[in-house]
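Tertiary structure, described
Take a look at the letters that make up each chain.
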Amino acid sequence: MSDWRNAGVRVIRGDQLDTDTAQTPGMNRAAAIDAARVGAAKLWAGTVVIHPDAKTGAHHHGELESVIYVLRGRARMRWGERLEFVAEAGPGDFVFVPPFVPHQEINASTDEPLECVLVRSGGAAVVVNLDIEPVEKPDTVHWVDPIHRHP
């Protein structure tokens, strides 16, 4: 019989997140769910805060898939070999980042922090920081699919 009391559901309080996790310049990540804290083998979840008018360094997360949910603020995402593509997301929006995609998160606001929830498809916090010279003017990409038409 399983020990559901001690090995079942876990609640991680918002004031008990672990900031001793992989970091990228320009953002603060805090882990809630990972292999070390709860034994998660297939996902990592936590928060990220990007300060007003700040941007992260270019990075990717190896073979992991990432989902970013914007709680507050305006996220500007750049991605590509030279960060040549750009799109924005606001509160309530989800952003999907496929494996190995070089990307950069930017707080599009000059006066309020960008606060997000982050989930990745592996139990470890994989962050590979990159030295990329970005293009000066990225190409804007609109989220277009069978449900969402071009604006």
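Residues numbered from 1 in each chain as written. Predicted model: local features only at pLDDT ≥ 70, side-chain atom pairs only at ≥ 80, totals over all residues. Heavy atoms only, no water.

Regarding the overall build of the protein
Rule in force here: A run of H or I in DSSP counts as a helix once it spans at least four residues, and a run of E counts as a strand once it spans at least two, with each numbered from the N terminus. Our radius of gyration looks at C-alpha atoms and nothing else; its globule reference is 2.2 Å times the residue count to the power 0.38. Accessibility here uses a 1.4 Å probe with only protein chains present; expressed as a share of the type maximum, an area under 20% marks a residue as buried, one over 50% as exposed, and anything in between as partly exposed. Residues are treated as being in contact if the distance between any of their heavy atoms lies within 4.5 Å. In this tally Asp and Glu are treated as negative and Lys and Arg as positive; neither His nor the chain ends contributes. Here the site of a charge means atom NZ of a Lys, CZ of an Arg, CG of an Asp or CD of a Glu.
What the protein contains, in helices and strands, is two helices and eleven strands. Counting from the amino terminus, the protein carries its helices and strands in the arrangement α-β-α-β-β-β-β-β-β-β-β-β-β. The C-alpha atoms of the protein give 16 Å as radius of gyration, which agrees with the globular expectation for 151 residues (15 Å, within 12%). On the principal axes, the C-alpha backbone points of the protein span a range of 60 × 35 × 30 Å. Looking at the 151 residues of the protein, the share that counts as buried comes to 34%. A separation threshold of at least 6 residues defines the contact pool for the protein, and within that pool the share at least 24 residues apart is 70%. Mean positive and mean negative side-chain charge positions of the protein (15 and 21 charges, respectively) differ by 5 Å.

Notes on the pairing of strand β6 (residues 85-89)
Regular strands place their side chains on alternate faces of the sheet. Defined as follows: Strands were regarded as paired on the criterion that DSSP finds at least two bridges between them.
Relative to β6, strand β5 (residues 75-79) runs antiparallel, the two sharing five bridges. Directly across from Arg78, in β6, lies its bridge partner Val86.

Here's the deal with the pairing of strand β2 (residues 44-50)
Counting buried positions over the seven residues of β2 gives five, a clear majority of the element. Across five bridges, strand β1 (residues 28-33) lies against β2 in antiparallel orientation. When the sheet's bridge partners are listed, Ile33 is paired in β2 with Ala45. Sheet topology places β2 next to strand β9 (residues 114-120); seven bridges connect them, and they run antiparallel. Counted as the bridge partner of Val48 is Cys116 from β9.

Re empty space enclosed by the protein
Let me state the cut-off plainly: The way it works is a 1 Å grid over only the protein atoms, where trapped points that fit a 1.4 Å probe form a cavity and open points with protein on both sides within 12 Å along at least five of seven lines form a pocket, and then any residue with an atom within 4 Å of a point lines it. Grid points are joined across faces, edges and corners, and a volume is the space filled by probe spheres set on the points. Residues are grouped as follows: Ala, Val, Leu, Ile, Met, Phe, Trp, Tyr, Cys and Pro are nonpolar; Asp, Glu, Lys and Arg are charged; all remaining types, including Gly, are polar.
For the structure shown, the criterion picks out two cavities of 30 Å³ or more. Lining the largest cavity we find Val48, Ile50, Ile68, Ala75, Met77, Val95, Glu105, Leu114 and Cys116. Within the residue set of the lining of the largest cavity, elements represented by two or more residues are β2, β5 and β9. Partitioning the lining of the largest cavity into residue classes produces eight nonpolar, no polar and one charged. Approximately 30 Å³ is the volume found for the second largest cavity.

A few points about the sheet that holds β9
In sheet architecture, strand pairing relies on hydrogen bonds along the backbone and comes in two forms, parallel and antiparallel. Selection rule: Axis angles are defined between N-to-C directions and span 0 to 180 degrees, where every axis is a line fitted to C-alpha atoms and, for a helix, only to the segment in contact.
Ordered in space as β1-β2-β9-β4-β7, the five strands form an open sheet in which the pairing is antiparallel. Looking at strand neighbours, the two that pair on one side only are β1 and β7 (94-97), the edges of this open sheet. Sheet twist, expressed as the mean angle between neighbouring strand axes with direction ignored, is 25 degrees.

What about the nonpolar core?
Where we set the bar: The criterion is simple. A nonpolar core is a set of buried Ala, Val, Leu, Ile, Met, Phe, Trp, Tyr and Cys residues joined through side-chain atoms within 4.5 Å.
In this structure, Ile50, Ile68, Val70, Val95, Leu114 and Cys116 are the most contacted members of the largest nonpolar core, which totals 16 residues. For this core, the secondary structure elements donating two or more residues are β2, β4 (66-72), β5, β7 and β9.

Side note on the side chain of Ser66
Our working rule: Counted as a polar contact is a pair of N or O atoms within 3.5 Å, where, for protein atoms, one must be capable of donating a hydrogen and the other of accepting one, and residues adjacent in sequence contribute only when both atoms are in side chains.
Tracing the sequence through the fold places Ser66 in strand β4. A distance of 3.2 Å separates polar atoms of two side chains, one belonging to Ser66 and the other to Arg120. Apart from residues no more than four positions distant in its own chain, Ser66 is found in contact with His61, Val95, Phe96, Val97, Leu118, Val119 and Arg120.

Some thoughts on the pattern of salt bridges
Selection rule: Salt bridge, as used here, is a side-chain nitrogen of Lys or Arg placed within 4 Å of a carboxyl oxygen of Asp or Glu.
Scanning the model with the defined rule gives three salt bridges in all. Of the charged contacts in the structure, one is a salt bridge between Glu115 and Arg72, with a shortest N-O distance of 2.7 Å. You can see Glu115 sitting in strand β9 and its partner Arg72 sitting in strand β4, a full 43 residues away along the chain. Residue Arg76 is joined to Glu88 by a salt bridge in which the shortest nitrogen-to-oxygen separation is 2.7 Å.

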